[in-house]
Amino acid sequence: MPKMRLIVHVAEPFDFGRLNGGNPDLTGWTAQATPAYSDWVVHLDRPAQIGDDEFDKIKISSRYAGETVSKVLDGFGFTAVNIQYPRKEEGGRLYWHFAMVGNVLLAPEKD
């Protein structure tokens, strides 16, 4: 499955950009960019941080009922998304923690 480049803009928390080098956008790729997947895991080009948690991938899902993340494939601007990142419980189990909302956009092709 080909990799799709994405830009995920974090709208909330509002200070996400300040805490991550002044940039509220996360760039990365997913191999799940098809309507067959309701959630897409995005592997980030650079790690990001919220509080003490640093992460190098996120999971995005549709923000609104009746929509899918694959709407972004129509190429019509931003698609609203919920954003989760992997976090460890005290027992060491990994889970996806919902912490952010934002928008996803197809990344322009590099020349």
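See the structure shown above.
What counts as what
Residues numbered from 1 in each chain as written. Predicted model: local features only at pLDDT ≥ 70, side-chain atom pairs only at ≥ 80, totals over all residues. Heavy atoms only, no water. Pairing = 2+ DSSP bridges. Helix = DSSP H or I, 4+ residues; strand = E, 2+ residues; numbered from the N terminus. Core = buried A, V, L, I, M, F, W, Y, C linked by side-chain atoms within 4.5 Å. Buried < 20%, exposed > 50% of the residue type's maximum accessible area, 1.4 Å probe, protein only. Contact = heavy atoms within 4.5 Å. Salt bridge = Lys/Arg side-chain N within 4 Å of Asp/Glu carboxyl O.

Caption draft 1: A look at the pairing of strand 4 (residues 53-62). Where strand 3 (residues 39-50) lies against strand 4, eight bridges are found, and the strand directions are antiparallel. Across the sheet, I50 pairs through a bridge with D53, a residue of strand 4. Hairpin remark: strand 3 followed by strand 4, antiparallel, with two residues in the connecting loop; positive phi at G51, about 60°.

Caption draft 2: The arrangement of the nonpolar core in detail. Counting residues in hydrophobic clusters, the biggest one holds 21 residues, and the most contacted among them are F16, L26, F55, I58, I60, I83 and M100. Every element with two or more residues in this core is listed here: strand 1 (4-12), strand 3, strand 4, strand 5 (79-88) and strand 6 (94-106). Among the elements that line this core, the one with the most residues is strand 3, at five residues. Those residues within four positions of I60 in sequence are excluded, and the remaining contacts are L6, V8, S38, D39, W40, V42, V69, V81, N82, I83 and V104.

Caption draft 3: Summary view of the pattern of salt bridges. Per the counting criterion, the structure on display carries six salt bridges. Across the pair R5 and D45 runs a salt bridge whose closest N-O atoms are separated by 2.6 Å. In this pair, R5 is assigned in strand 1 and D45 in strand 3, connecting sequence segments 40 residues apart. For R5, a relative accessible area of 31% gives the class partly exposed. The class of D45 is partly exposed, set by a relative accessible area of 43%. The shortest N-O distance in the salt bridge between K71 and E67 comes to 3.3 Å. K71 sits in the partly exposed class, given a relative accessible area of 34%.

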